[in-house]
Amino acid sequence: MASKKLKRTTGNPKPPEGNPVTDTTAEKLKGLQERLDMAQDPGSEKAKAKRDEAGFTTPRQRIDALLDEGSFTEIGALGRTPGDKDAPYGDGVVTGYGRVNGRAVAVYAHDKTVYGGSVGETFGKKVMEVMDMATRIGCPVIGINDSGGARIQDAVTSLAMYSEIARRQLPLSGQSPQISILLGPSAGGAVYAPVTTDFVIAVEGRTQMFVTGPAVIESVTGEKVSMEELGGARQQARNGNVSYVAGSEEEAFNYVKDLMEFLPSSVFDDPQEFWAPSDELTERDCELSDIIPDDPNAGYDIMDVLTRIFDDDNVLEVQEDYGPNVVTAFARIEGRSVGVVANQPMVLAGCLDADAADKAARFIRICDAYNIPLVWVVDTPGYMPGVEQEKLGLIHRGAKLGFATLEATVPKVTVVVRKAFGGGYAVMGSKNMGADINLAWPTAQIAVMGAEAAVVMMQGKQLAAMPPEQRPVAKKMFVDFYNANMTSPYVAAERGYLDAVIEPQDTRVRLRQAMRQLRDKNVLEPVKKHNIAPM
């Protein structure tokens, strides 16, 4: 979205002219300090008053809230629009370097009080500089976005800067984490850069994302929609464009800090290591034995399992609002980061639909890119049937999940806790799709389909031909036989598709043992340019 045309004047005094030939050293130092003071909050008095009245923070306050105290080093503070003596310093963005949890990051934050935070030539060059530095040294890039879009008065130069920024995202992609925090509207070109990063953090009531705004949509299609309905934080999270919706700026920054503790600085580094419990069984381990209901069709919260099979209950979800029938999250085993893909029986009985498959596939690729091992926790009846799912492209979107699972070369461990039926069994870290170690609980059921569906497919005609009073008993006999001889985890274990059937309470320790065994895993990739993912 293009910004409104903005005047060059800012309401601040003009930069001191000075004469570098005749001024004394003291006068030159004074001139420098005056310029730096003006650069601290360079917007117009009107724009700053509007910001302050709304209770919004300045870009430097936002950076200070995100980074470790005192670690920010700014660059480009005196940059401004070329050829305009009245142009404000900064050109609408604050850029520099600092540390989060002690590790180096490159950071930039839009300044909405200068040209509406729109992208101009100097703005673009400043952001490009920190991105280039991040590529050279291998550190994350964090963008704090609050932009008016393209700067109309800079014409094609603004579009060129958007393209230059986007071009620098490619070498960073999969090398160092890229994180976007959206604290205001992002539209048109201003929305494509954030959604190309690894993680997008939004704030309830503040973030708005869309390609075209409500006014344009109404003029073209006649549809009327509010800003919040179209591109509000929660709506875009449901659309799959947001990793996490925070309730405030502070919560957004804290989520990023937590997220970075699970991520490496670059693909050449390891994530931070943390304290881990011992291999001794704990009360939390023993609670796993009572989590799976006796009724195979009863729901339960998979988070009750996840918070007990890893080092502690620190399980950080990503994209909680999108495809919630699958949980994607970070956790730790022996103090080291792992990525988790788990079915959620509380939503659609844990079926895999198109959204969930997209979500899981992308998360798997992020983990694989940064050498983070993967753990699948499986309880799914399979792919979601239905006309609507076929229209949504379940075939190719579902295939992406299998493709990502096969493509990943990191250590891969699977735990089947209940159902693993049909294609859902295959793509959720099955042995045949490349998982290194496959475990199952005694409550696991592994088969082409569940007994209820199988009885219809295999015995439907015979049951229909029976007297009505005999059907329930005959159906139960078939279901019991099918479960004992077809879905039992011991059938899969006998055929080598499971490495072990374990007691639930042993899961945490067995996962630790598996990761120790796989720590030095190395896969030699065939020589070619790249894979071609499904549509």
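Everything numeric here is computed off the predicted structure, so don't read it as measured data. (Residues numbered from 1 in each chain as written. Predicted model: local features only at pLDDT ≥ 70, side-chain atom pairs only at ≥ 80, totals over all residues. Heavy atoms only, no water.)

A.B. asks: For this particular structure, what's the right way to read the overall build of the protein chain?
C.D. replies: Secondary structure assignment for the protein chain yields 20 helices and 17 strands. Projecting the C-alpha coordinates of the protein chain onto the three principal axes gives extents of approximately 105 × 55 × 45 Å. Out of the 535 residues belonging to the protein chain, those deemed buried represent 51%. Sequence-distant contacts, at least 24 apart, represent 73% of the contacts inside the protein chain between residues at least 6 apart. As displayed, the protein chain has an accessible area near 24600 Å², and 55% of this comes from carbon and sulfur atoms. Positive and negative side-chain charges in the protein chain, numbering 57 and 72 respectively, have mean positions lying 6 Å apart. (Helix = DSSP H or I, 4+ residues; strand = E, 2+ residues; numbered from the N terminus. Buried < 20%, exposed > 50% of the residue type's maximum accessible area, 1.4 Å probe, protein only. Contact = heavy atoms within 4.5 Å. Areas by Shrake-Rupley, 256 points an atom, 1.4 Å probe, with all protein chains shown as cover. Lys, Arg positive; Asp, Glu negative; His and termini not counted. Charge placed at Lys NZ, Arg CZ, Asp CG, Glu CD.)

A.B. asks: Just checking my understanding: could you explain the pattern of salt bridges for this structure?
C.D. replies: Between side chains of opposite charge, a pair can form when the charged atoms approach closely. A complete count under the given rule lists 34 salt bridges for this structure. When the shortest N-O distance is used, the salt bridge between Arg397 and Asp355 registers 2.7 Å. Highlighted residues: Arg397 in helix α15 (residues 394–407) and Asp355 in helix α13 (residues 354–369), separated in sequence by 42 residues. By relative accessible area, which is 12% here, Arg397 ends up buried. Residues Arg495 and Glu494 are paired through a salt bridge, measuring 3.9 Å at the closest nitrogen-oxygen approach. Residue Arg495 is classed as exposed on the basis of its relative accessible area of 53%. (Salt bridge = Lys/Arg side-chain N within 4 Å of Asp/Glu carboxyl O.)

A.B. asks: Whenever I open this one, the packing of α13 against α15 confuses me. Can you help?
C.D. replies: Describing two packed helices takes the angle between their axes plus the distance from one axis to the other. With their axes 8 Å apart at the nearest point, α13 and α15 run at an angle of 25° to one another. By the angle between their directions, the pair α13 and α15 is classed as roughly parallel. Handedness of the α13/α15 crossing: left-handed. Contacts from Ala354, Asp355, Ala357, Asp358, Ala360, Ala361, Ile364, Arg365 and Asp368 of α13 reach α15 at Leu394, Arg397, Gly398, Lys400, Leu401, Ala404, Thr405 and Glu407. Each residue belonging to the contact of α13 with α15 can be placed in one class, and the counts come to eight nonpolar, two polar and seven charged. (Axes fitted to C-alpha atoms, helices over the stretch in contact; angles between N-to-C directions. Parallel < 35°, antiparallel > 145°, perpendicular 65-115°, else oblique. Left-handed = near helix turned anticlockwise from the far one by under 90°. Nonpolar A, V, L, I, M, F, W, Y, C, P; charged D, E, K, R; others polar.)

A.B. asks: Teacher, can you tell me more about helix α18 (residues 471–487) here?
C.D. replies: Think of an α-helix as turning once every 3.6 residues; residues three or four places apart then point the same way. Buried residues of α18: Ala474, Phe478, Val479, Tyr482 and Thr487, and no others. The buried residues of α18 all sit within an arc of 135° when viewed along its axis, so they share a single face. Facing away from the buried side of α18, by more than 90 degrees, are the exposed residues Val473, Lys476, Met477, Phe481 and Ala484. (Arc of directions from axis to C-beta.)

A.B. asks: Would you take a moment to explain the side chain of Gln178 for this structure?
C.D. replies: Here Gln178 shows up in strand β5 (residues 178–182). Excluding residues within four positions of it along the chain, Gln178 makes contact with Met131, Val141, Gln169, Leu172, Ser173, Thr197, Asp198, Phe199 and Tyr370.

A.B. asks: Would you mind going over the domain arrangement of the protein chain with me for this structure?
C.D. replies: By a widespread convention, an interface's size corresponds to the accessible area lost as its parts come together. By the assigned domains, the protein chain splits into domain 1 (44–262) and domain 2 (283–518). Each of domain 1 and domain 2 was reduced to a C-alpha centroid, and the two centroids are 38 Å apart. Facing 22 residues of domain 1, the contacting portion of domain 2 comprises 17 residues. For the interface between domain 1 and domain 2, the tally reads two salt bridges. Of the charged contacts, one joins Glu261 and Arg332 as a salt bridge, the two residues approaching to 3.9 Å between their closest N and O atoms. Here domain 1 and domain 2 share nine residue pairs in polar contact (both at pLDDT 80 or more) between them. For the side of domain 1 that touches domain 2, the secondary structure elements donating two or more residues are α9 (233–238) and α10 (249–262). The element best represented in the side of domain 1 that touches domain 2 is α10, accounting for five residues. Grouping the amino acids of the side of domain 1 that touches domain 2 by side-chain chemistry returns nine nonpolar, eight polar and five charged. (Domains from an automatic or database assignment. Polar contact = N/O pair within 3.5 Å; in protein donor to acceptor, adjacent residues only side chain to side chain.)

A.B. asks: What exactly am I supposed to notice about unusual backbone geometry here?
C.D. replies: Of all residues except glycine, most have a negative phi; of all peptide bonds, most are trans. Phi is positive for Leu348, close to 55°, though the residue is something other than glycine. The exposure class assigned to Leu348 is partly exposed, which follows from its relative accessible area of 39%. For Ala349, which is not a glycine, the phi torsion comes out positive at approximately 60°. Along the chain, the position of Ala349 falls in the loop between β12 (336–343) and α13.

A.B. asks: Help me understand the packing of aromatic side chains, please; the structure alone is not making it clear to me.
C.D. replies: Geometry of an aromatic ring pair is reported as the spacing of the ring centres plus the angle between the planes. Taken as a whole, this structure holds four aromatic pairs when the rule is applied. Look at Phe262 and Phe330: their rings are 5.8 Å apart centre to centre, the planes differ by 20°, and that puts the pair in the stacked class. Of this pair, Phe262 sits in helix α10 while Phe330 sits in strand β11 (residues 326–333), and the two are 68 residues apart along the sequence. The class of Phe262 is buried, set by a relative accessible area of 1%. (Phe/Tyr/Trp six-rings, centres within 6.5 Å; stacked < 30°, edge-to-face > 60°.)

A.B. asks: It is not clear to me how a nonpolar patch on the surface should be interpreted in this structure. Could you clarify?
C.D. replies: Where nonpolar side chains cluster on the molecular surface, the patch consists of Tyr192, Val195 and Val211 and spans about 260 Å² of accessible area. Within the secondary structure, Val195 is located in helix α6 (residues 189–196). (Patch = residues over 30% accessible without salt bridge, like charges linked within 9 Å, V, L, I, M, F, W, Y side chains within 5 Å.)

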